[in-house]
Amino acid sequence: MVQVSARAAKWLFLGTLVAVSLIPMAWLVVSAFKTTPELFRSAFSVPHHWSFDNFRAALDAEPLLTYFRNSVVVAACATTATIVISTMAAYALRHRFRLNGVARGFLMAGLLVPLTPFMTPIFYIIERLGLYNTVWGLALVYSAMMLPVGFLIIRTYMESIPEETLEAARIDGASFHGVFLRVIVPLAAPGLATAAIFLMISDWNELLFANLLTTSPAAQTLQVGVTTFLTGYASNYPEAFAATAMAMAPTILAYALLSNRVIDSMAASALK
Amino acid sequence: MAKARQLIAYLGPSIVLSLALVVFPLGFIVVMGFTEWAGLGPAKYIGLQNYVFLYHDPSFRSAVVNTLLWGAAGIFVQTPLCLLTALILSRRPTMWKLIRTLLFVPSVVSTTILALMWYFMLSPEIGLVNGTLTDVGLKSLTRSWLSGPDSAQWAIMVPFVLYIGFGMVLFLTQISTVPKETLEAAQLDGANVWQQDLHVTLPAIRRSIALWALFLVGYVLRMFEYPYIMTDGGPVNKTMNLSLYVYDQMVTANQYGLAMAAGVVTVVLGALMMSCVLVVLRWIEVS
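Residues numbered from 1 in each chain as written. Chains lettered and ligands numbered in written order. Predicted model: local features only at pLDDT ≥ 70, side-chain atom pairs only at ≥ 80, totals over all residues.

### Overview of the overall build of chain B
Inference 1: Summing up its helical and strand segments, chain B has 14 helices and two strands in all.
Inference 2: In chain B, which comprises 287 residues, the proportion classed as buried is 45%.
Inference 3: For chain B, restricting intrachain contacts to residue pairs at least 6 apart in sequence, the fraction spanning at least 24 positions comes to 68%. (Helix = DSSP H or I, 4+ residues; strand = E, 2+ residues; numbered from the N terminus. Buried ≥ 20, exposed ≤ 12 C-beta atoms within 10 Å, placed from the backbone. Contact = placed C-beta atoms within 7 Å.)

Given below as structure tokens:
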């Protein structure tokens, strides 16, 4: 009897969590097809006819495709930059030298410092560099913001490459750079891919600095773009629903295709 | 043997980037927190006046209290939910992989979109929450969740607390590293499933739990989307938090000096919260 109710409680618990994770999204997508009167009539109703009018209207109201392109550029550039410089740093730290511990501690310390209190100086730096209101300024800030996590994932992975492999390459006459390009990079590639997925998702999703460092649609990301539907079109719910659903679609689609890789990559960021 | 020049070339970019966008800003806000500055023109040294202002500002007090509240909600509500789910799924019940995949969906969607979605969910007229309450005959419980002074702060924490995918996956990975033999030994000693979880698995992953708590503290200090999108800090600053306060002082009020002083308080508060987590961990390790 106790066992039966424990099992029931377990499934009720899991079922509730799954429902909370999925029902709001499903509701949002279904609602995006409704007209305003339909939305106000009942939260549960199914749209009378499934038309894409709201989606078309949302695309007309805001340059969502431009926002999307900007998000892709920012996330791709920032992720590449973070991967390249953290791989280089992790490789350098495989060598023994006096300040090794200090350098490693310095790079990891960033994990504990949130960047939001630094809004003003970062804004100031980006403006001085002439990168205010550009995708490049955002990409630069994101590459620094994600550096500690990228470094952590890559370093953990790189430690699994045995020293003998590097030694063998050196005996064959490979230089410092040669070992990096021909041994480290190929062997660490799976780790780099893991890190890239994690960084991509984080860069893609950032809102605060995107809001702070861009003002015109030519440089704004998708996250900033969708929030304009709330401020500018508060009364036009269907359009806002449609825009939110569209902004959500690419990530959900990518996840549907790669869910196991994505989960593994998130798990790899686990601090050891 | 690697030469110093080569090491510098490989370490240089990461060190320079961290110096420019972490260390320099940290020094900058500490110094400029003592000034009055509107971003343009010279800054004026005003001593501790910014900090005195913050101390007396009800909106800032609300920001500090709510930031601590977010942290507490993360550590005492969200984390246990993550752990419980991970413990259940680690026993590989039917469809455990599917459940893991589904629970993780909100973790890949941006917080911006989750915040917008829950803004709609909690809308008094068209939201699913009030709609459901009305349809099951609990119309008396419906309310304007996000504009009620008593409900707003709890309402914006709902998605944060219930979306457990990330933590669950991390704990699940850690639990899988607990040696099977230890669990079997406990089982032979007559421990039931719950006792095994409580006395073997949880102590074995305590460091991961503490590190997760550190991560949550950092996350909560960065937390911006939920208050910014769902309530904009309102009603009457009831949902203000530190990130939004710094943002508002800088972007809306153009009070750069004050924004940076608030930033310094954020850094200090973060360090204190993280120290608490580490002290608790040490205490657990010793006892």
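Now, onward.
### Quick word on the overall build of chain A
Inference 1: In terms of helices and strands, chain A carries twelve helices and zero strands.
Inference 2: N-terminal to C-terminal, the α/β element order of chain A is α-α-α-α-α-α-α-α-α-α-α-α.
Inference 3: Since a compact globule built from 272 residues should have a radius of gyration of about 19 Å, the 23 Å found for chain A marks it as more spread out than a globular shape.
Inference 4: For the C-alpha atoms alone, the extent of chain A along its principal axes is close to 75 × 65 × 35 Å.
Inference 5: In chain A, buried positions account for 45% of the 272 residues.
Inference 6: Contacts spanning at least 24 positions in sequence make up 75% of the contacts within chain A whose residues lie at least 6 apart. (Rg over C-alpha atoms; globule rule 2.2 N^0.38 Å.)

### Some remarks on the packing of helix α3 (residues 53-61) of chain A against helix α12 (residues 237-268) of chain A
All names here are of chain A.
Inference 1: Axis separation between α3 and α12 bottoms out at 8 Å; the angle between their running directions is 85°. Between α3 and α12, the interaxial angle falls into the category roughly perpendicular. Seen from α3, the contacting residues are N54, F55, A57, A58 and A61; seen from α12, they are P238, E239, F241, A242, A243 and M246.
Inference 2: A per-class count over the contact of α3 with α12 returns nine nonpolar, one polar and one charged. (Axes fitted to C-alpha atoms, helices over the stretch in contact; angles between N-to-C directions. Parallel < 35°, antiparallel > 145°, perpendicular 65-115°, else oblique. Nonpolar A, V, L, I, M, F, W, Y, C, P; charged D, E, K, R; others polar.)

### Notes on the interface of chain A and chain B
Inference 1: With 70 residues of chain A in contact, the opposing surface of chain B contributes 75 residues.
Inference 2: Ranked by residue count, the leading element in the side of chain A that touches chain B is α12 of chain A, at 13 residues.

### Examining α12 of chain A
Inference 1: The terminal C-alpha atoms of α12 of chain A, which comprises 32 residues, lie only 39 Å apart, well short of the 46 Å expected from a rise of 1.5 Å per residue.
Inference 2: The largest bend in α12 of chain A comes to about 95°, at L258 of chain A. (Expected span 1.5 Å × (residues − 1). Bend = angle between axes of the 7 residues up to and from the residue.)

### Focus on unusual backbone geometry
Inference 1: Here the residue pair G234 of chain B and P235 of chain B is connected by a cis peptide bond, since its omega of -15° sits within 30 degrees of zero.
Inference 2: Along the chain, P235 of chain B falls in the loop between α12 (225-231) and α13 (242-252).
Inference 3: Positive phi, normally seen in glycine, also occurs at N133 of chain A, with a value near 65°.
Inference 4: Within the secondary structure layout, N133 of chain A lies in the loop between α6 (119-128) and α7 (135-158).
Inference 5: Unusually for a residue other than glycine, N254 of chain B sits at a positive phi of about 60°.
Inference 6: Topologically, N254 of chain B is positioned in the loop between α13 and α14 (256-286).
Inference 7: On the basis of neighbour count, N254 of chain B is assigned to the partly exposed category, with 13 C-beta atoms found within 10 Å.

### Details of the confidence of the model for chain B
Inference 1: When pLDDT is averaged along chain B, the result is 93; 99% of the residues meet or exceed 70.
Inference 2: At the low end of the mean pLDDT range in chain B sits helix α9 (residues 180-188) of chain B, at 86; at the high end sits helix α2 (residues 49-56) of chain B, at 97. (pLDDT = per-residue confidence, 0-100.)

### What to know about the environment of K139 of chain B
Residue and element names in this part refer to chain B.
Inference 1: With respect to the helices and strands, the residue K139 is situated in the loop between α6 (128-135) and α7 (152-162).
Inference 2: Classification of K139 by C-beta neighbours within 10 Å gives exposed; the count is 10.
Inference 3: Apart from the residues lying within four places of it in its own chain, the contact partners of K139 are L133 and T134.

### Re the packing of α2 of chain B against α14 of chain B
Residues and elements named next belong to chain B.
Inference 1: Viewed as axis vectors pointing N to C, α2 and α14 meet at an angle of 70°, and their least axial separation amounts to 9 Å. Taken together, the axes of α2 and α14 lie roughly perpendicular to each other. Mapping the contact onto sequence places N50, Y51, F53 and L54 in α2 and G257, L258, A261, A262 and V265 in α14.

### Focus: the nonpolar core
Inference 1: Counting 166 residues, the largest nonpolar core has V141 of chain A together with A262 of chain B as its most contacted members.
Inference 2: In terms of residue count, α7 of chain A provides more of this core than any other element does, 16 residues in total.
Inference 3: Excluding anything up to four places from it in sequence, V141 of chain A contacts I122, I126, F209 and L213 of chain A together with L21 of chain B. (Core = buried A, V, L, I, M, F, W, Y, C linked by C-beta atoms within 7 Å.)

### Section: the environment of W118 of chain B
Inference 1: Position of W118 of chain B relative to the elements: it lies in helix α5 (residues 111-121).
Inference 2: A count of 26 C-beta atoms within 10 Å places W118 of chain B in the buried class.
Inference 3: The spacing of W118 of chain B and M157 of chain B is 39 residues in sequence and 10 Å in space, taken between C-alpha atoms.
Inference 4: Excluding residues within four positions of it along the chain, W118 of chain B makes contact with P24 of chain A together with V158, P159 and M230 of chain B.

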